Amino acid sequence: MQKHKILAFLLALVVSIGLWFYAVTVVNPNDTARISDIKVRIVGTGELTSNNLMLTGGEGQTVTVEISGRRSDLKELNSSSLEAVADVSNIDRPGEYEVSWTLDPPSTVASGDISLVSANFNKIKVKVSEYKERPEIPVTVEYTGELASGYVRDPATLNIETLVVSGPAEEVEKIQQAVVTVDLTDAKENLSGESEYRFVDKDGQELAMSEYVTVSAPTVRVTVPVLAYKQVDLKVKLIAGGGATDKDVTCTIEPPTIGVTGSEETLRRLTDIEIFEIDLGQVTEEKTWTVTPELPVGVTNRASETSVKITLKFNGLTTKRITVPCTSIERINDVETLDFGEQSVVIQVRGKPETVNALSAESIKITADMKNDYDPTTKTLTLRVTLPSSSTAGVIGGPYTVQIIEVVPEEGA
């Protein structure tokens, strides 16, 4: 029985060796395989970032290899399961480099069980650039086309006024600004929406950015207010007086019109705006005023200069000074304790030369209301001056006053 066990063991060993030899030499022999389009994965980019560098070329490359190994292992390998790995972590300055790669088989195949026989190339080319970030690239608006007739626009508003741009320094440093284009053609209402932008250099030339440039926002929301607009005439109200009417003066307004905005209905009703009132009797000579027009509710001045200059000149009129004795002044509501403190009053009249020259002290009537027109604080009395009803001349330079003396009656009087 002992001899039979030994023989059975020896027979089993021989059979096992035979099966192994058969499997090695016949069933799973060594072989070679050619595999194309193996993707190259680049690693070590984190180290580039720490050196203020970034990869700007070399991704997406593939290699073709011939590999030897057991047939069972080679069957596990293809362009999807096999990968080439290139390490760029040792690069410390910008430039173009050739980097070696190594094969990385799947976990089902040990790296020592296969070997590289040949490859179409042993190194890949990569480009490394200096990394740059600019946090405040300004966004500006460029307009094309013309608004509909009778409309103007206000400046555009942007939800983002600056962009953060990062990427290769050679690209980012060329950027002067981001430009959004808004088409105004025939617009009659506010324009608003998300808009794409383009980068331009200092000469206004558009820049083509590579895929390596990163921007904080892909679009910008732009709003452009569009308003109804109208040019409106400015007018001055002239009140006749002092021997002058609107026919005797030249009144100029500079500018004569202003541009205003408002609702279509409001502007349709608005034909002119009266901005000032001049009492000609209170103006003795050529004069200029600077005023800010007061506009109706809902109307806005679009002029760059908000003030208007008004100039008044008299034409063909002459001025005369006439001295009237205080003894000729007619006293009404007389008060015995009040007396005139002056000998005469000088009255200034204006009108056509022939009309003014016809006037004299005797033709001018001056009335003094001793009770109602007397100011005891200043001890002055306001006079009422009247010219003949037939005269077209007028009194200017008033109101006229006379100094008053308070007379104390003598005792026993």
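Model, not experiment: these values are computed from the prediction.

**What to know about the overall build of the chain**
Move 1: The secondary structure content of the chain amounts to six helices and 31 strands.
Move 2: For a compact globule of 413 residues, the expected C-alpha radius of gyration is about 22 Å, and the chain comes in at 51 Å, more than 25% above that figure.
Move 3: Expressed as lengths along the three principal axes of its C-alpha atoms, the size of the chain is roughly 185 × 55 × 40 Å.
Move 4: Across the 413 residues that make up the chain, the buried fraction comes to 35%.
Move 5: Looking at the chain alone, contacts between residues at least 24 apart form 75% of all its contacts between residues at least 6 apart.
Move 6: Just so you have it, the chain exposes about 24,900 Å², and 48% of that area is on carbon and sulfur atoms.
Move 7: For the chain, the distance from the average position of its 39 positive side-chain charges to the average position of its 60 negative side-chain charges is 6 Å.

**So, the pairing of strand β16 (residues 226–239)**
Move 1: Sheet analysis places strand β8 (residues 151–153) next to β16, joined by three bridges and oriented antiparallel. If you follow Arg153 over to β16, its bridge partner there is Val226.
Move 2: Summarising the sheet, β16 and strand β18 (residues 257–262) pair through six bridges and their orientation is antiparallel. From the neighbouring strand, Gln231 faces β18, where its bridge partner is Gly259.
Move 3: Of the pairings in the sheet, the one linking β16 to strand β19 (residues 272–279) comprises seven bridges and is parallel in character.

**Points about the packing of aromatic side chains**
Move 1: With the rule as written, the count across this model stands at two aromatic pairs.
Move 2: Ring centres of Tyr197 and Phe199 lie 5.5 Å apart, and the angle between their planes is 65°; on these two criteria the pair is classed as edge-to-face. One exposure class covers both Tyr197 and Phe199, and it is buried.
Move 3: Taking the centre distance of 5.5 Å and the plane angle of 55° together, the rings of Phe276 and Trp289 count as tilted.

**As for the nonpolar core**
Move 1: Of all hydrophobic cores here, the largest spans 47 residues; its most connected members are Leu163, Val165, Phe199, Ile275, Ile278 and Leu312.
Move 2: No other element matches the five residues that β16 contributes to this core.
Move 3: When near neighbours in sequence (up to four residues on either side) are disregarded, Leu312 contacts Leu238, Val249, Thr250, Cys251, Ile278, Leu280, Val283, Glu286, Lys287 and Trp289.

**A short note on the sheet that holds strand β15 (residues 220–224)**
Strands pair in a sheet through their backbones, by hydrogen bonds, and they do so in one of two ways: parallel or antiparallel.
Move 1: With antiparallel pairing, the three strands of this open sheet are ordered in space as β9-β15-β12. Each edge of the open sheet is held by one strand with a lone partner, namely β9 (157–158) and β12 (191–195).
Move 2: Note that β9 and β15 share two bridges and pair antiparallel. Paired with Thr157 across the strands is Thr223, a residue of β15.

**So, a nonpolar patch on the surface**
Move 1: Judged by side-chain polarity, Ile6, Leu7, Phe9, Leu10, Leu13 and Ile17 come together as a nonpolar surface patch covering roughly 600 Å² of accessible area.
Move 2: Mapping Leu10 onto the fold places it in helix α1 (residues 2–27).

**Side note on the pairing of strand β31 (residues 401–406)**
Move 1: One ladder, built from three bridges, connects strand β25 (residues 338–340) with β31; its direction is antiparallel. Bridged to Leu338 within β31 is Glu406.

**Let's talk about the sheet that holds strand β20 (residues 287–291)**
Move 1: Read from one edge of the open sheet, three strands run β17-β22-β20, paired in antiparallel fashion. Pairing within the sheet leaves two strands with one partner each, and these edge strands are β17 (249–254) and β20. Mean inter-strand twist for the sheet, computed between neighbouring axes without regard to direction, equals 15°.
Move 2: Sheet analysis places β17 next to strand β22 (residues 308–314), joined by six bridges and oriented antiparallel. In the strand pairing of β22, Glu254 is matched with Lys309.

**Observations regarding the side chain of Thr367**
Move 1: Turning to its location among the elements, Thr367 is positioned in strand β27 (residues 365–369).
Move 2: Residues contacting Thr367, with those up to four places away along its chain left out, are Ile329, Glu330, Ile332, Leu383 and Arg384.

**Topic: the pattern of salt bridges**
Note on pairing: side chains with opposite charge can pair once their charged atoms come close.
Move 1: Across all of its chains, the model carries 20 salt bridges by this definition.
Move 2: Between Arg221 and Glu194 there is a salt bridge; the shortest N-O distance is 3.3 Å. One end of the pair, Arg221, is in strand β15; the other, Glu194, is in strand β12, and 27 residues separate them in sequence.
Move 3: Taking relative accessible area as the criterion, Arg221 reaches 35% and is therefore assigned partly exposed.
Move 4: With relative accessibility at 44%, the residue Glu194 sits in the partly exposed group.
Move 5: Residues joined in a network through salt bridges with shared partners are Arg41, Glu83 and Asp104.

Criteria and cut-off values
Residues numbered from 1 in each chain as written. Predicted model: local features only at pLDDT ≥ 70, side-chain atom pairs only at ≥ 80, totals over all residues. Heavy atoms only, no water. Helix = DSSP H or I, 4+ residues; strand = E, 2+ residues; numbered from the N terminus. Rg over C-alpha atoms; globule rule 2.2 N^0.38 Å. Buried < 20%, exposed > 50% of the residue type's maximum accessible area, 1.4 Å probe, protein only. Contact = heavy atoms within 4.5 Å. Areas by Shrake-Rupley, 256 points an atom, 1.4 Å probe, with all protein chains shown as cover. Lys, Arg positive; Asp, Glu negative; His and termini not counted. Charge placed at Lys NZ, Arg CZ, Asp CG, Glu CD. Pairing = 2+ DSSP bridges. Phe/Tyr/Trp six-rings, centres within 6.5 Å; stacked < 30°, edge-to-face > 60°. Core = buried A, V, L, I, M, F, W, Y, C linked by side-chain atoms within 4.5 Å. Patch = residues over 30% accessible without salt bridge, like charges linked within 9 Å, V, L, I, M, F, W, Y side chains within 5 Å. Salt bridge = Lys/Arg side-chain N within 4 Å of Asp/Glu carboxyl O. Axes fitted to C-alpha atoms, helices over the stretch in contact; angles between N-to-C directions.

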